[in-house]
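Coordinate analysis (summary)
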Amino acid sequence: MRHSARIAVGPVQFRIGSDWAGPVAALERLYAAYPQDDMRPADATVRLFAARPWRRWLRPSVHIGGDFIVPGALPLPLSMGLLAAEMGMNLQVALGWRRHLLLHASAVARDGRALIMSGESGSGKSTLAALLGEDDWRLMGDEFTLIDPAGGDAFAFPRAVSLKNEAIAEVAARVDPARLGPLLAGTPKGDIRHLIPRADAVAAMHAPARPALLLFPRFGGAAGIEPMGEGEAFVRLTEASTNYVALGEAGFAALTRMVRETPAFGITYPDSAAGIALVEELWAEAAR
Amino acid sequence: MADRAYRAAPADTLRIEPLGELTAIFDRRSMQTHLVVSPVPEILDAMGADACTPAHVAERLAALFDMESAEEAQPILAERLSELAAMGLVERA
C-alpha cells in the first residue's frame, strides 16, 4: 500500500497500510512516543483502502480490511480515516488475538494491581479509566484488557484513548492539548477525540498487573454499589470477551480463577466525580 | 420416558467449577461452557459412571439429601435428565 506505519500497543505489533497519507500521519502523531521495533514481525495487519482506484480522489471513502474483515461494514468518509484505522486495529485484535484472554474492558493499575472495568458502550468505563489515568493510576487501556491464561495476570493494551461526546470536554480540561488528537465530529459513534496516554503508562505497557478488583460500571442514576457473585461475574466476562470461545479450556480456566480471586461489584454513578469516589472506596477495601 | 436410563459424560471430559450459586461446566468434547444451578451438579455427581434411571438417581440423591419423597422427585429428575441429554452432559445408556 502507498502509506504504512508500524505501531506496537502492548504485546500487539500492528502493520497499518493505507491508500491515503492522512490516516497514517494522524496515527503516527498519536503513537509517536510508543516504543518502535520495526524488526518484530507484525501480529495484525490493518488495511485502509479505497473501494475502487478512482474513489481515492473522488468522494473518497475508507474501507477497513486486514487479516479479518467484517462483511458488509459500511465505508467511512476519508475525514474519518483515523477512526477507520482505530476500528481496524480493534477489529484485528478482537478477532485474531489468541495469546491472551481478551476482555472488552478498561483497566488501570496501582502498585502492580489492576482494576478492571467492564461494561457496554456508554457505561463510562473508558472515561473513568482516562480520568483515573490522569490521577495516580497507570492507564492500562480504555477498551481491551488482556489476561494471561496461564498465570492470570492482566496485561495492558494502552491504545490512544477514544474519548466520546461529553467525555471530550471533561478530559480536555485536565490535560495538555498536545496530548489530544483532532476532533472527529459526527462519526457514527458521535464526536470522538483521542487522548495520548501519559508517558509513564506507555513506558510501563509491558508490565503485568494482578487483577485486584472487577467493576461493572453503569453511568446514570444515584451512586450505588452492588456486590456481584462469582457466577454472575463469570457470565458477564464471558460475554465481554471476544475470544473466550476460541481459547477453549484455557479461557474457561482463566475466567473461573479470576472471578474466584477477584472481588466484583456493579456500580452506578451520576457523574465522573461520584464514579471515581466509588472506585477509590472499593479499591481501598480490595487492595487491603 | 420415566424409566429411560442415562449415563453421565465420562468424568475426564467435564471440568466442573462451582462459582457461588452457579456451577460452570466446561465440556472438553464440545468445547462448550454450560452454566447450571443445583440440582444439576448433584445429579451428575450421584450418577457417577453408572447407567441410571430417574429412579436410581432419586434413590442416590435421597441417600445424600433430605428429600421428602424420592418417588415424587422421579418425574422432575426424568425432565432434568432429558435436558442434560440435550446439552450433551448425559447420554442415553
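In the nomenclature of an unreviewed UniProt entry, chain B is known as PqqD family protein of HPr-rel-A system of Sphingopyxis italica.

In the nomenclature of an unreviewed UniProt entry, chain A is known as HprK-related kinase A of Sphingopyxis italica.

Our focus in this paragraph is the interface of chain A and chain B. The interface of chain A with chain B comprises 13 residues on the first partner and 13 residues on the second. Of the roughly 1100 Å² buried where chain A meets chain B, counting both sides, 65% is carbon and sulfur surface. Of all residues in chain A, Glu249, Phe252 and Arg260 of chain A give up the largest surface area on contact with chain B, accounting jointly for 48% of the area buried on that side. With a closest N to O distance of 2.8 Å, Arg260 of chain A and Glu17 of chain B form a salt bridge. For the pair chain A and chain B, the number of links is seven residue pairs in polar contact (both at pLDDT 80 or more). Sorting elements by how many residues they give to the side of chain A that touches chain B places helix α8 (residues 249-261) of chain A first, with six residues. Residues of the side of chain A that touches chain B, tallied by class, amount to six nonpolar, three polar and four charged.

Moving on to the pattern of salt bridges. All names here are of chain B. A complete count under the given rule lists 22 salt bridges over all chains for this structure. Linking Asp27 and Arg29 is a salt bridge whose minimum nitrogen-to-oxygen distance equals 3.1 Å. Classification of Asp27 by relative accessible area gives buried; the value is 2%. Exposure remark for Arg29: the relative accessible area of 42% places this residue in the partly exposed category.

Residue and element names in this part refer to chain A. Here Leu183 shows up in the loop between α4 (166-172) and β12 (184-187). Between the C-alpha atom of Leu183 and that of Arg257, which follows or precedes it by 74 residues, the distance is 41 Å. Other than its neighbours up to four places away in sequence, Leu183 contacts Ile168, Asp191, Ile192 and Arg193.

What counts as what
- Residues numbered from 1 in each chain as written.
- Chains lettered and ligands numbered in written order.
- Predicted model: local features only at pLDDT ≥ 70, side-chain atom pairs only at ≥ 80, totals over all residues.
- Heavy atoms only, no water.
- Contact = heavy atoms within 4.5 Å.
- Buried area = accessible area lost by both parts, 1.4 Å probe.
- Salt bridge = Lys/Arg side-chain N within 4 Å of Asp/Glu carboxyl O.
- Polar contact = N/O pair within 3.5 Å; in protein donor to acceptor, adjacent residues only side chain to side chain.
- Helix = DSSP H or I, 4+ residues; strand = E, 2+ residues; numbered from the N terminus.
- Nonpolar A, V, L, I, M, F, W, Y, C, P; charged D, E, K, R; others polar.
- Buried < 20%, exposed > 50% of the residue type's maximum accessible area, 1.4 Å probe, protein only.

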